[in-house]
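Residue-level structural notes
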There are 2 protein chains.
Amino acid sequence: MKRTGPFVRVAFRARRLSKSRLLLGSLFALGLVPVAGFAGGLFDSDDLPIVLKTQGSFMPGGAVVTNPGTFDPIALTPDGQTIHGDHAYAQYQVPLNARRYPLVMWHGGGQFTKTWETTPDGRDGFQNIFLRQRYTTYLIDQPRRGNAGRATTNGTIAAVPGPGPTGEQGIFIRFRLGLWPNYFPNVQFSHDPEALNQWWRQQTPDTATTTNDQATDPVAAMFNQIGPAVLLTHSAGGVLGWITATKSSNVRGVYAYEPVTQVFPEGQVPPPIDSGPLGPITGTPIPLSSFLKLTKIPIEIIWGDNFPITGQPPSKYPDLEVWQGRYTMAQKFVDLVNKYGGHAHMTHLPDIGIKGNTHFAMSDLNNKQIAGLLGKWLHDNRLDGEQRGW
Amino acid sequence: MKRTGPFVRVAFRARRLSKSRLLLGSLFALGLVPVAGFAGGLFDSDDLPIVLKTQGSFMPGGAVVTNPGTFDPIALTPDGQTIHGDHAYAQYQVPLNARRYPLVMWHGGGQFTKTWETTPDGRDGFQNIFLRQRYTTYLIDQPRRGNAGRATTNGTIAAVPGPGPTGEQGIFIRFRLGLWPNYFPNVQFSHDPEALNQWWRQQTPDTATTTNDQATDPVAAMFNQIGPAVLLTHSAGGVLGWITATKSSNVRGVYAYEPVTQVFPEGQVPPPIDSGPLGPITGTPIPLSSFLKLTKIPIEIIWGDNFPITGQPPSKYPDLEVWQGRYTMAQKFVDLVNKYGGHAHMTHLPDIGIKGNTHFAMSDLNNKQIAGLLGKWLHDNRLDGEQRGW
């Protein structure tokens, strides 16, 4: 695995692309201008062009249900007809001179690929930020969600918000933009009303209920198909990422933004943790032999700001207090992975001086700084390699 | 509107990209190598890189429903909470040195953006084909479909196929791959079982029922936002395209693949047309003042092979016979647009020697030839312009 040379800050700041700028971008794509994202700082390549060898999409995994009987092409009864569903949907983009390991980006609860695309206020999301750094990207919709909405079982969708924390004002709090209708003073989210409008619209419902196995089997199949790659997860995608990593050895690392549920070996699941009215927080048991696979890859968990972490006084707001137990349970997961010889780590962003992040740091106002942390982690774990063999 | 010079066939055929090839691609992106797609032949740019100035996504249009009452951040009842939904989802890609008019690609019934992405057998779809020709592309999911699945009303989804033509074997016939399980001898569809598997999986259900206005208002809002562009439609998207073109003057042309329903001025809707057990075929009335807007833009309708057109003996297979009435009604639409001074035209591909196309020519095995026809139409209607002003 070759590496680029020393970090070169591409400080070109012209907002309109010049031809010389385009030529620089072309040389960059050719690998003739070394650029690295591991310095822990900003990724300053946002006005470089995105140069793709190819891009595409496919539906990995899934099930087929076949009705009994024989198909009649004139009567067109259900007899003998099939339904294909329960697959995932993946869209990939491969830069010229791509780095060795693709980044697979998995959304959280209620969302879809959009989590990683244009931010609500219209800036580059992680998709573009890492493409401009020559990482191949795979953005997925999990089975029974978004463009992978074709299920083999019936579903019902309730559009009415709540009761509970599922209404949009509740989500505003739980995703830690602020206490509706007020933003947190330091929040890394635009106060432009259109940004909030776009953010609320980046949700789409499940077309049917989904088990962890139904969600992870197609993604594991995808990893087996595409080869070694790094998995990024968000929120409810967290536990699905851990399980996927136990199902495919091509998951070479997992970087999880605020995973809300963790896995533990059967018989070693910690007791439920009180976490306010929306708790308690529980762990998900998996076989020890599966859990041990998580000790073979680097794991990082990232937490944002504006919620009480372990040991701090509880919040009176259920949508904030729910995070305390989740944070505590995630630390227990990290500790157990490491006790078994693993390489897991957890970062509370305020502890390293990065303030105001929401539940979705990958699209926050400081998301290039957040991307820089990921770039450093990829470098430190030798996952930022480059493929020079084409 | 400037034009490129004479057509230059880029005949480079190396399957693995060389550095000189990449440099050629870079020069192409800079506009230094003239390439045009209007010769009516193949688009031979499939191994050129895709060079993007930027790409992104957003959700145009939509509704907001607000519950009565006052939001309580501790009780978290539905009181005062909102739901944002009924928007469309759009993903755009802007090549360097992009041509003037973007192509907006709208799927048909039961499908989503995938219609225009990688073909079922893994080749470039129209998205890549036209990006490589420096057209900006917008791929959309219509409201209550795919990544635009967030609706403001409840929905139910039935996964069981049929009765009727909605089962997958029925769709196999109706989309004219063949008479299940046999392919038509000349069909432009791969016989690889994995291609059929992927094709069946490129469906996703509506999350709630949708009216024509609910589907078209957000797309018209998008056109008003993005400026002049050309609209491509498929199948059930056809009538939505006609209506959208009456709602935004930024729709500068409509190119429709097998539109299944047509619009007519109120009071001038033709009588229903018998078309076998799945008929009769009816027209959709709109105000005359709206219809007349369709006379101001170029319109093209494309039909494939393997169904009886007007005047031919009927098929005994309902899923084939249904096309005869649709074809006849579309001709009546074209004739009336032209009677009012418009510029509409209909092409039956077999009549110009192009055989075996299915209901979805944009991803058929000969889709580069099909793209070439569109390229010629864009050229002939001065819609292939280039933007040199950046």
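Here the structure is a predicted model, which means the values were calculated and not measured.

The rules behind the values
Residues numbered from 1 in each chain as written. Chains lettered and ligands numbered in written order. Predicted model: local features only at pLDDT ≥ 70, side-chain atom pairs only at ≥ 80, totals over all residues. Heavy atoms only, no water. Helix = DSSP H or I, 4+ residues; strand = E, 2+ residues; numbered from the N terminus. Buried < 20%, exposed > 50% of the residue type's maximum accessible area, 1.4 Å probe, protein only. Contact = heavy atoms within 4.5 Å. Areas by Shrake-Rupley, 256 points an atom, 1.4 Å probe, with all protein chains shown as cover. Buried area = accessible area lost by both parts, 1.4 Å probe. Salt bridge = Lys/Arg side-chain N within 4 Å of Asp/Glu carboxyl O. Pairing = 2+ DSSP bridges. Least-squares fit on C-alpha atoms with pLDDT ≥ 70 in both. 1 Å grid on protein atoms, 1.4 Å probe; cavity = no way out; pocket = protein on both sides within 12 Å on 5 of 7 lines; lining within 4 Å. Points joined across faces, edges and corners; volume = space filled by probe spheres on them. Nonpolar A, V, L, I, M, F, W, Y, C, P; charged D, E, K, R; others polar. Phe/Tyr/Trp six-rings, centres within 6.5 Å; stacked < 30°, edge-to-face > 60°. Lys NZ or Arg CZ within 6 Å of the ring centre and 35° of its normal. Axes fitted to C-alpha atoms, helices over the stretch in contact; angles between N-to-C directions. Parallel < 35°, antiparallel > 145°, perpendicular 65-115°, else oblique. Left-handed = near helix turned anticlockwise from the far one by under 90°. Expected span 1.5 Å × (residues − 1). Right-handed = clockwise from strand over helix to strand, strands pointing away. Polar contact = N/O pair within 3.5 Å; in protein donor to acceptor, adjacent residues only side chain to side chain. pLDDT = per-residue confidence, 0-100.

With that settled, consider the overall build of chain A. Of regular secondary structure, chain A possesses nine helices and 15 strands. Looking at chain A as a whole, 64% of its 390 residues are labelled buried. Nonlocal contacts in chain A, meaning residues at least 24 apart in sequence, comprise 74% of its contacts between residues at least 6 apart. Summed over its atoms, the accessible surface of chain A is roughly 13,300 Å², and 55% of this surface lies on carbon and sulfur atoms.

On to the interface of chain B and chain A, then. Facing 93 residues of chain B, the contacting portion of chain A comprises 93 residues. Between chain B and chain A the total buried area reaches about 7,500 Å² when both faces are included, carbon and sulfur atoms providing 54% of it. Put simply, chain B and chain A have two salt bridges between them. For B:Glu168, the salt bridge is made with A:Arg150, and the minimal N-O distance between the two is 3.2 Å.

Turning to the pairing of strand S1 (residues 50-58) of chain B, a few remarks are in order. A large share of S1(B) lies buried, amounting to seven of its nine residues. Here three bridges tie strand S1 (residues 50-58) of chain A to S1(B), and the two strands are oriented antiparallel to one another. Within S1(B), the position partnered with A:Val51 by the bridge is B:Val51. Pairing of S1(B) with strand S4 (residues 89-95) of chain B involves six bridges; the strand directions are antiparallel. Paired with B:Gly56 across the two strands is B:Tyr92, which belongs to S4(B).

Here the structure, examined in full by the defined rule, presents 20 salt bridges over all chains. A salt bridge links A:Glu258 to A:Arg176, with the nearest nitrogen and oxygen atoms 2.6 Å apart. Taken together, the positions of A:Glu258 in the loop between strand S11 (251-257) and strand S12 (263-265) and A:Arg176 in the loop between helix H3 (168-174) and strand S8 (178-179) put the pair 82 residues apart, joining distant regions of the chain. Exposure remark for A:Arg176: the relative accessible area of 0% places this residue in the buried category. Between B:Asp124 and B:Arg132 there is a salt bridge, with the nearest N and O atoms lying 2.8 Å from each other. Just as B:Asp124 is buried, B:Arg132 falls in that class too. Members of the salt-bridge network, linked through shared partners, are A:Asp213, A:Asp217 and A:Lys247.

Of the two same-sequence chains, chain B is brought onto chain A (RMSD 0.0 Å, axial shift 0.0 Å) by a rotation of 180 degrees. The symmetry that links the two subunits is that of a two-fold axis. Taken together, the interface assignments show that 100% of the residues at the interface of chain B recur at the interface of chain A, consistent with an identical surface on both copies.

We now examine empty space enclosed by the protein. The final tally for this structure, using the stated rule, is ten cavities of 30 Å³ or more. Lining the largest cavity are 18 residues, with A:Gln91, A:Gln93, A:Gln127, B:Gln91 and B:Gln93 positioned closest to its centre. Secondary structure elements with two or more residues in the lining of the largest cavity: S1 and strand S4 (89-95) of chain A together with S1 and S4 of chain B. For the lining of the largest cavity, a count of residues per class yields four nonpolar, twelve polar and two charged.

Attention now moves to the packing of aromatic side chains. All names here are of chain A. All chains considered together, the criterion is met by 58 aromatic pairs over all chains. Aromatic side chains Phe 291 and Phe 333 sit 6.2 Å apart centroid to centroid with 85 degrees between the ring planes, which places their arrangement in the edge-to-face category. Of the two residues, Phe 291 sits in helix H7 (residues 288-291) while Phe 333 sits in helix H8 (residues 318-339), which places them 42 residues apart along the sequence. Across the pair, Phe 333 and Phe 291 agree in class, each one buried. Directly above the ring of Trp 323 sits Arg 176, whose terminal nitrogen or CZ lies 5.2 Å from the centroid.

Bringing the packing of helix H5 (residues 212-226) of chain B against helix H6 (residues 237-247) of chain B into the picture now. Residues and elements named next belong to chain B. It is the contact of H5 with H6, at a shortest axis distance of 9 Å, that shows an interaxial angle of 50 degrees. One way to sum up the angle between H5 and H6 is to call them oblique. For the pair H5 and H6, the sense of crossing is right-handed. Contact with H5, carried on its side by Asn 212, Asp 213, Ala 215, Thr 216, Asp 217, Val 219, Ala 220 and Phe 223, involves Leu 240, Ile 243, Thr 244 and Lys 247 of H6 and no other residues of that element. A per-class count over the contact of H5 with H6 returns six nonpolar, three polar and three charged.

The terminal C-alpha atoms of helix H5 (residues 212-226) of chain A, which comprises 15 residues, lie 21 Å apart, in line with the 21 Å expected from a rise of 1.5 Å per residue. For H5(A), every residue scored as buried is listed here: A:Ala215, A:Thr216, A:Pro218, A:Val219, A:Ala220, A:Met222 and A:Phe223.

The side chains of a regular strand alternate, residue by residue, between the two faces of the sheet. All names here are of chain B. Residue alternation in strand S5 (residues 103-106) divides its side chains into two sets, Leu 103 and Met 105 and Val 104 and Trp 106, and both sets are buried. Where S5 lies against strand S6 (residues 137-141), four bridges are found, and the strand directions are parallel. Across the sheet, residue Leu 103 finds its bridge partner in S6, namely Thr 137. Between S5 and its parallel partner S6, the chain crosses via helix H2 (residues 126-131), and the hand of that crossover is right-handed. Pairing between S5 and strand S10 (residues 229-234): four bridges, direction parallel. Looking at S10, one finds that Leu 103 is bridged to Val 230.

Residues and elements named next belong to chain B. Tracing the chain through its elements places Asp 213 in helix H5. When its relative accessible area of 46% is taken as the criterion, Asp 213 is described as partly exposed. Sequence separation between Asp 213 and Thr 244 is 31 residues; the distance between their C-alpha atoms is 8.9 Å. Ignoring anything within four residues of it in the chain, the contact list for Asp 213 reads Pro 218 and Lys 247. Among the polar contacts made by the side chain of Asp 213, one reaches the side chain of Lys 247 at a distance of 2.7 Å.

The next subject is the confidence of the model for chain A. Residue and element names in this part refer to chain A. Of the residues in chain A, 85% reach a pLDDT of 70 or more, and the chain-wide mean stands at 89. Below a pLDDT of 50 lies the segment residues 1-18, which in the model reaches 47 contacts outside its immediate sequence neighbourhood of four places, other chains included. Here residues 31-42 is modelled with pLDDT under 50, and outside its nearest four sequence neighbours on either side it reaches 41 contacts, counting other chains as well.

All names here are of chain B. By the element assignment, Leu 179 lies in strand S8 (residues 178-179). Accessibility expressed as a relative area gives 25% for Leu 179, which makes it partly exposed. Taking the C-alpha atoms as reference points, Leu 179 and Leu 320, 141 residues apart in sequence, are found 9.5 Å from one another. Beyond its immediate sequence surroundings of up to four residues, Leu 179 is in contact with Phe 172, Ile 173, Phe 184, Tyr 317 and Leu 320.

This part is about H6(B). A large share of H6(B) lies buried, amounting to ten of its eleven residues. Among all positions of H6(B), only B:Gly237, B:Gly238, B:Val239, B:Leu240, B:Gly241, B:Trp242, B:Ile243, B:Thr244, B:Ala245 and B:Thr246 are buried.

The next thing to look at is the environment of A:His359. All names here are of chain A. Turning to its location among the elements, His 359 is positioned in the loop between strand S15 (343-348) and helix H9 (367-380). Residues His 359 and Pro 259, 100 residues apart in the sequence, show an inter-C-alpha distance of 9.7 Å. A polar contact of 2.7 Å, which involves the side chain of His 359, links it to the side chain of Ser 235.

So, on to unusual backbone geometry. Put simply, A:Trp180 and A:Pro181 share a cis peptide bond, and its omega is 5 degrees. On the secondary structure map, A:Pro181 appears in the loop between S8 and strand S9 (182-183). That bond from B:Gly279 to B:Pro280 is cis: its omega, -5 degrees, falls within 30 degrees of zero. We note that B:Asn97 has phi near 55 degrees; this positive angle belongs to a residue other than glycine. Relative to the assigned elements, B:Asn97 resides in the loop between S4 and S5. Exposure remark for B:Asn97: the relative accessible area of 3% places this residue in the buried category.

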